[in-house]
Number of protein chains: 4
Amino acid sequence: MSDIPNDQPLSDAAAGFAKEQLKSFIERIERLEEEKKTIADDIKDVFAEAKGTGFDTKALREILKIRKQDADQRAEHEAIVDLYMQALGMLSPS
Amino acid sequence: MSDIPNDQPLSDAAAGFAKEQLKSFIERIERLEEEKKTIADDIKDVFAEAKGTGFDTKALREILKIRKQDADQRAEHEAIVDLYMQALGMLSPS
Amino acid sequence: MSDIPNDQPLSDAAAGFAKEQLKSFIERIERLEEEKKTIADDIKDVFAEAKGTGFDTKALREILKIRKQDADQRAEHEAIVDLYMQALGMLSPS
Amino acid sequence: MSDIPNDQPLSDAAAGFAKEQLKSFIERIERLEEEKKTIADDIKDVFAEAKGTGFDTKALREILKIRKQDADQRAEHEAIVDLYMQALGMLSPS
DNA sequence: ACATGCAAAGGTAAAC
DNA sequence: GTTTACCTTTGCATGT
């Protein structure tokens, strides 16, 4: 529940600066959130289109999940290989 | 990495078409999910930057939430006004 | 922020009953949370013991993660097989 | 799944021993994680049961949080008292 | 169309 | 300070 830092013993210029910064951060985030929502809506549209073409969305989601898991696991396997190679001194520690 | 089953009583052409369509849907969605993740990461970066500048992220999130609520309320209010105006014949029905 | 249900127009007996019930639920949960914490501590102990024996805990965690992923993926694969079999009418829908 | 690398300059006996140890640690942890999950599920069940009886789970969680804070404060207090007693020679150091 | 249950994502807090 | 795990919340799908 803390507030914006130090607007008491600051010059008006500094306070105004912090205010502008705050406004900037807020607006940047809101802009990005908007873009994110747009993309989320696009995804929904694609699902709807696929459903309209006769595909089962539940199966589609399942496929996407598995493909994601595959990718994750590939990354994990590489991570553990690196870890072992480090342990064997075949790789310089990061 | 198995494909969709093509042992239904479909012509090879139709099966191949469905397969291409499926591939297209999957790839479109995966592409969009990637974009969504990029933006989510961007948002994280902005929060990190704000934190580094001395702002309290929890307070920032609270402000964003309030502003979002306000926006929602405004939208809802306008929707009701439109509805009334439609009912009164002051607006053409959508 | 709602409260315990209906303690206004209830007989003292009913109110007492609700109070006892509440106490019972709270205590059951607190008991379980305690057990959960004990086990979490046990896990930490095993990691510490392994580390003391010369094992790299980071590698251990990596192995555990992969084994978990394997299990999850096996379950997912079975789920999608079922889904396809349903789609092909080889399985009754759940 | 792959094992730990045994191409180090270790005797076969030593390598086999390490392998057994690793397996043991992994299995002990997985066993404990399973138990932890069981208890977490039990807790969920109790919340569900409470909800079914008409209690507001959000309020229940709030009560639990407050009681936990109280317990933590009490524990902290006792720790300080112990510390003082140790300092005064009224308690043997841990 | 609504309401409920479930799954995924994000946020928060703790552990290393 | 970074990462990881838990928990909360939200949105999505399903059924009535």
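- For chain A, an unreviewed UniProt entry supplies the name UPF0335 protein J2S76_002877 and the organism Ancylobacter vacuolatus.
- Per its UniProt entry, chain A bears the Sequence similarities (unreviewed entry) comment "Belongs to the UPF0335 family."

Comments concerning the interface of chain B and chain A
Item 1. Counting from both sides, the interface comprises 31 residues of chain B and, opposite them, 33 residues of chain A.
Item 2. In total, chain B and chain A occlude about 3,200 Å² of area from one another, counting both sides; carbon and sulfur atoms represent 77% of this.
Item 3. Three residues, Phe25(B), Ile29(B) and Phe55(B), lead the burial of chain B against chain A; their summed loss comes to 19% of the area buried on that side.
Item 4. Between Glu49(B) and Arg28(A) there is a salt bridge, with its nearest N and O atoms 2.9 Å apart.
Item 5. On the surface where chain B and chain A come into contact, there are four residue pairs in polar contact (both at pLDDT 80 or more).
Item 6. Elements that contribute at least two residues to the side of chain B that touches chain A include exactly helix 1 (12–52) and helix 2 (57–87) of chain B.
Item 7. When residues in the side of chain B that touches chain A are grouped by element, the largest group, 20 residues, is from helix 1 of chain B.
Item 8. Grouping the amino acids of the side of chain B that touches chain A by side-chain chemistry returns 18 nonpolar, three polar and ten charged.

Some words on the UniProt feature "coiled-coil region" (unreviewed entry) in chain A
Item 1. Under the UniProt annotation, the feature "coiled-coil region" (unreviewed entry) is placed at residues 15–49 of chain A.
Item 2. Taken end to end, residues 15–49 of chain A has its terminal C-alpha atoms 51 Å apart, with 100% of it in helix and 0% in strand.

A few points about the relation of the copies chain A and chain C
Item 1. Each copy of the sequence occupies a distinct position, and chain A is placed on chain C by a rotation of 179° and an axial shift of 0.2 Å, giving an RMSD of 0.2 Å. Here the transformation between the copies is reduced to the relation of a two-fold axis. Minimal C-alpha distance to the rotation axis in chain A is attained by Gln69(A), lying at 3.8 Å.
Item 2. Comparing interface residues between copies, 100% of those in chain A also lie at the interface in chain C; the contact surface is shared.

Reading guide: rules and limits
- Residues numbered from 1 in each chain as written.
- Chains lettered and ligands numbered in written order.
- Predicted model: local features only at pLDDT ≥ 70, side-chain atom pairs only at ≥ 80, totals over all residues.
- Heavy atoms only, no water.
- UniProt positions renumbered as here; feature names shortened; annotations may be inferred.
- Contact = heavy atoms within 4.5 Å.
- Buried area = accessible area lost by both parts, 1.4 Å probe.
- Salt bridge = Lys/Arg side-chain N within 4 Å of Asp/Glu carboxyl O.
- Polar contact = N/O pair within 3.5 Å; in protein donor to acceptor, adjacent residues only side chain to side chain.
- Helix = DSSP H or I, 4+ residues; strand = E, 2+ residues; numbered from the N terminus.
- Nonpolar A, V, L, I, M, F, W, Y, C, P; charged D, E, K, R; others polar.
- Least-squares fit on C-alpha atoms with pLDDT ≥ 70 in both.

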